[in-house]
Amino acid sequence: LLIAPLNPCNADKKLMFRLTGTLNRFIHCISSANPTEADRSAGLACLRDFQFNDQAIVAGLLNFSVRANSKDSGPPGLTISPFIPGSSLQAPNKTAQILCRIMVTCSNLEQTSTKLLGKAEFIIPYQKELYEPPALLFTSLPDTDDLMLMIVSLEFQSLHNGEMQRDERLRYRPCGIVWAR
C-alpha cells in the first residue's frame, strides 16, 4: 500500500478490507445515473472520516482546514490553514512537539491506478501560539476527475533524558484522511 510509511498499524490486515468498503461506499454515492454535487460531497465525507489506525484518538486530526492552491496563487499544491497546536490537537501529557507526515495521492477509479502527488514531513511545536504549516507542493498534476486524498499521520513526541521520544501507544498515533476532492 502506498500509505504504508505513514501508517502506525502497518501489519493490520483488516485495513485493506475497511478501506475497500469505504471506497465502495464512496463509489456508490457518486455512481448514480445523474450524480449531483451533493452526492459527491456525501461520498467525500465518508472518505474524510476514514482512519487507518482505528485505535487512535482522532479529536483534532480532522480539524485541519485545507485549501488547494489555484493556478494564480503559485505552484500546484495544498495549504493547511494556520492553527494553534496546543488547543487544536489532543496530545498526551508532556508532549513537546509533533512530527507530522502528509501524503497526497490521486486515484483514477476507472483505470484503478493511484499515484503520489506529494509528501512532506515537518515538526509542529506543541504550544499555544499560532503555527503556520508549510505548503505541500505537488510533483505532478492530477487529472480533473481523479480522486485526491490527503492523508495525515501524527506522532506525539516528548523530551526524555535530552532526546525526543515518540509516544508508542497506538491511541496517540492517528493516521487518517483529512481532505478529499
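Residues numbered from 1 in each chain as written. Predicted model: local features only at pLDDT ≥ 70, side-chain atom pairs only at ≥ 80, totals over all residues. Heavy atoms only, no water.

### Some remarks on the overall build of the protein
Per the secondary structure count, the protein includes 3 helices and 8 strands. In the protein, the order of α-helices and β-strands from amino to carboxyl end is α-α-β-β-α-β-β-β-β-β-β. Every one of the 181 residues in the protein was classed for burial, and the buried ones make up 43%. Pairs at least 24 apart in sequence give 68% of the contacts found in the protein among residues at least 6 apart. Entry remark: accessible area of the protein is about 10,200 Å², with carbon and sulfur atoms responsible for 51%. (Helix = DSSP H or I, 4+ residues; strand = E, 2+ residues; numbered from the N terminus. Buried < 20%, exposed > 50% of the residue type's maximum accessible area, 1.4 Å probe, protein only. Contact = heavy atoms within 4.5 Å. Areas by Shrake-Rupley, 256 points an atom, 1.4 Å probe, with all protein chains shown as cover.)

### Some points on the nonpolar core
Judged by nonpolar contacts, the single largest core of 25 residues is most densely connected at Ile102, Val104 and Met150. Of all elements in the fold, only strand 2 (77-80), strand 3 (97-108), strand 4 (113-125), strand 6 (147-160) and strand 8 (175-180) reach the threshold of two or more residues within this core. (Core = buried A, V, L, I, M, F, W, Y, C linked by side-chain atoms within 4.5 Å.)

### Some thoughts on the pairing of strand 8
With 6 of 6 residues buried, strand 8 lies mostly within the body of the structure. Where strand 6 meets strand 8, 5 bridges bridge the pair, whose relative direction is antiparallel. Bridging across to strand 8, Val152 finds its partner in Gly176. (Pairing = 2+ DSSP bridges.)

### Concerning the packing of aromatic side chains
This model, assessed by the stated rule, comprises 3 aromatic pairs. Relative to Tyr131, the ring of Phe122 has its centre 6.4 Å away and its plane inclined at 25 degrees; by these criteria the two rings are stacked. Both residues of the pair, Phe122 and Tyr131, belong to the buried class. Ring plane angle 85 degrees and centroid distance 6.3 Å describe the contact between Phe156 and Tyr172, whose orientation is recorded as edge-to-face. With a gap of 16 residues between them, Phe156 in strand 6 and Tyr172 in the loop between strand 7 (163-166) and strand 8 connect regions that are remote in the sequence. Clustering of aromatic rings is evident, with ring pairs tying together Phe83, Phe122 and Tyr131. (Phe/Tyr/Trp six-rings, centres within 6.5 Å; stacked < 30°, edge-to-face > 60°.)

### Description of the environment of Thr139
Here Thr139 is to be found in the loop between strand 5 (136-137) and strand 6. Dropping the residues within four chain positions of it, Thr139 is found in contact with Leu116, Leu117 and Gly118.

### Remarks on the pairing of strand 6
Burial analysis of strand 6 places 12 of its 14 residues in the buried class, which makes it a mostly covered element. Two successive antiparallel strands, strand 6 and strand 7, enclose a turn made up of 2 residues, where Asn161 displays a positive phi of approximately 50 degrees.

### A look at the environment of Arg25
By the secondary structure assignment, Arg25 is in helix 1 (residues 14-30). Considering only alpha carbons, one finds Arg25 and Leu47, 22 residues apart in sequence, at a separation of 8.8 Å.

### Notes on the pattern of salt bridges
A complete count under the given rule lists 7 salt bridges for this structure. Residue Glu155 pairs with Arg101 through a salt bridge whose shortest N-O separation is 3.3 Å. Here Arg101 lies in strand 3 and Glu155 lies in strand 6, a separation of 54 residues in the sequence. Classification of Glu155 by relative accessible area gives buried; the value is 6%. Arg166 serves as the salt-bridge partner of Glu155, at 3.3 Å between the closest nitrogen and oxygen. Of the two residues, Glu155 is situated in strand 6 and Arg166 in strand 7; the sequence distance between them amounts to 11 residues. Via salt bridges that share partners, Arg101, Glu121, Glu155, Arg166, Glu168 and Arg173 belong to a single interconnected network. (Salt bridge = Lys/Arg side-chain N within 4 Å of Asp/Glu carboxyl O.)

### As for the sheet that holds strand 1 (residues 66-68)
Spatial ordering of the open sheet is given by 1-2-5, a layout of 3 strands whose pairing is antiparallel. Of all strands in the sheet, those bounded by a partner on one side alone are strand 1 and strand 5. Here strand 1 runs beside strand 2; their pairing, made up of 3 bridges, is antiparallel. Bridge pairing links Arg67 to Thr79 in strand 2.

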